[in-house]
Amino acid sequence: MWGGRFAASPSAIMEEINASIGFDFRLAFQDIQGSKAHAAMLAHTGIITREDAHAIGDGLNEIAREIEAGKFKFSRALEDIHMNIEARLAELIGPPAGRLHTARSRNDQAALDLRLWMRDMIATLDRQLHALQSALAVKALAHASTIMPGFTHLQPAQPVTFGHHLLAYVEMFWRDRLRFQDASKRLNESPLGAAALAGTSFPIDRAMTAKALGFDRPTANSLDSVADRDFVLETLSAAAICAIHLSRLAEEIVLWAGPQFAFLALSDKFSTGSSIMPQKRNPDAAELIRAKAGRIIGALNALLIVMKGLPLAYAKDLQEDKEGTFDALDSLALCLSAMTGMAGELAPNAPHMKSAARLGFATATDLADWLVGAQKIPFREAHHITGRLVVVAEAQKKGLEKLTLAEMQKVEPRITGEVFSVLGVENSVRSRTSYGGTAPKNVRAQARRWLARLKRERARVQEALEAPPKA
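Residues numbered from 1 in each chain as written. Predicted model: local features only at pLDDT ≥ 70, side-chain atom pairs only at ≥ 80, totals over all residues. Heavy atoms only, no water.

**Q** Break down unusual backbone geometry for me, with residues and values.
**A** Cis geometry marks the peptide bond from L312 to A313; its omega dihedral reads 10°. When you line up the elements, A313 lands in the loop between α11 (284–307) and α12 (323–345). Not every positive phi belongs to a glycine, and E79 is a case in point at roughly 70°. Counting through the fold element by element, E79 comes out in the loop between α4 (50–68) and α5 (81–93). Under the relative-accessibility criterion, E79 is labelled buried at 8%. Non-glycine residue A103 carries a positive phi angle of around 65°. (Helix = DSSP H or I, 4+ residues; strand = E, 2+ residues; numbered from the N terminus. Buried < 20%, exposed > 50% of the residue type's maximum accessible area, 1.4 Å probe, protein only.)

Rendered as structure tokens:
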């Protein structure tokens, strides 16, 4: 492969550490796509003949068919996907294959292939996140009035609704989509033509290949073009944040499915049994989502560490950009599919949730707010009065709403019977009408807004898919 420079073959150990074909074979179609655009540009600029370009295109199409049919033989001796395809092209069409690599390097080729793959993968993840948002919004609309405890410090805090809780994740996953979309915009520049690091003396047309491959423009600096992996780091960062959101929801599903909470009944489709305990229903899907977040975060950390000490331009260290990235984004895609399935199957135990919402004096803030609003007591004083009433109720082992008016007036004479209108959990959630609050009418409006928005997005995507290709 190295022509006249090396007289001996690499050792078996060198071949083992150097080869990347075991994982970068996944870039085969992106590599072929980039090579076809490059060959067309070389012919357009007169660098190679149109006959050679046609032969190269036909050969690359044949290689694509072989790969699709599972007939292509990948060789570790040829190191990577680029050399595997080029070697097979030479077998198919002979000398014209040797002209394909004119005015490019494996350095810009590798950067190009990964950008193309990641752009496609981000589009896939966006569709999956859209589906998850839709499943959660549908469930939120159905449970806009289903009362449950809201927690801080994992202690009962204030009543909320199950629909409101689910919409919190719809918002999180929307921000995840925005991060991926931003990453896709920034990676959408073509490094092809930067060659090894300094550009090329051939009269290439980088704008032509960028346009042919769907990029917004070519990259502006040849050194940066081959050395940059910001686009990988940024995508992995978005993936890590998304994985954290999935993990938090998965953790809640694990907790809520246990008998201590008993907020949810797990679907048979997303749980498993025990080999020894016949009563068990284990939330394995949620637990594995929680665990896979660590793999995704680890991939980001690993590449950050690889990149932190690299001088410009290309170094073989950059081969380590792919394996962890493939694993992380594959894992995220799997987690999104599993969580979307679970979201559609969530079956809350509404009576138990409502009963739990009454625990822990969850309407204490409503009482303090009533003292402020009805009696014009400063909030800090109202907070203190309510705290004393909680002590009274706690001593009697009953909720605030079970105290008599006389018991309350012993602590604060200004309290009237009107206070009982705010102490029930239904009244509490109904009163939280501020924008973004948990009032059922708010939740219904927000769920419907999200569902309408997601439906419009889906319609736009479908329209784009059905539109005739641009000339």
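Next comes the rest of the write-up.
**Q** Any chance you could break down the pattern of salt bridges for me, citing the residues and the numbers?
**A** Here the idea is simple: oppositely charged side chains can pair when their charged atoms come close. Per the stated rule, a full pass over the model turns up 28 salt bridges. Residue E251 pairs with R290 through a salt bridge whose shortest N-O separation is 2.4 Å. With E251 in helix α10 (residues 230–257) and R290 in helix α11, this residue pair connects regions lying 39 residues apart in the sequence. Across the pair R358 and E426 runs a salt bridge whose closest N-O atoms are separated by 4.0 Å. Residue R358 is located in the loop between α13 (350–357) and α14 (364–375), and its partner E426 is located in helix α17 (residues 425–431); the two are separated by 68 residues in the primary sequence. Judged by its relative accessible area of 28%, E426 is partly exposed. Several salt bridges share partner residues, and in doing so they unite E79, D80, R106 and K316 into one network. (Salt bridge = Lys/Arg side-chain N within 4 Å of Asp/Glu carboxyl O.)

**Q** Hey, could you go over a nonpolar patch on the surface for me, with residue numbers and the actual values?
**A** Together, L197, L223 and L312 give the surface a local cluster of nonpolar side chains, amounting to about 270 Å² of exposed area. The topology assignment puts L312 in the loop between α11 and α12. (Patch = residues over 30% accessible without salt bridge, like charges linked within 9 Å, V, L, I, M, F, W, Y side chains within 5 Å. Areas by Shrake-Rupley, 256 points an atom, 1.4 Å probe, with all protein chains shown as cover.)

**Q** Give a description of the packing of aromatic side chains that names residues and reports values.
**A** Here the structure, examined in full by the defined rule, presents nine aromatic pairs. Consider the rings of F162 and W256, whose centres lie 6.1 Å apart with planes at 65°: the pair is edge-to-face. Of this pair, F162 sits in helix α7 (residues 162–187) while W256 sits in helix α10, and the two are 94 residues apart along the sequence. Exposure remark for F162: the relative accessible area of 0% places this residue in the buried category. Taken together, F151, F162, W256, F261 and F263 form an aromatic cluster joined through their ring pairs. The ring of W450 carries the charged tip of R449 above its face, separated from the ring centre by 5.1 Å. Above the ring of W174, the side-chain terminus of R453 is found at 4.2 Å from the ring centroid. (Phe/Tyr/Trp six-rings, centres within 6.5 Å; stacked < 30°, edge-to-face > 60°. Lys NZ or Arg CZ within 6 Å of the ring centre and 35° of its normal.)

**Q** Quick rundown of the environment of D327? Include the residues and the values.
**A** Within the element layout of this structure, D327 appears in helix α12. Judged by relative accessible area, which is 28%, D327 ranks as partly exposed. Taking the C-alpha atoms as reference, D327 lies 17 Å from L246; in sequence the two are 81 residues apart.

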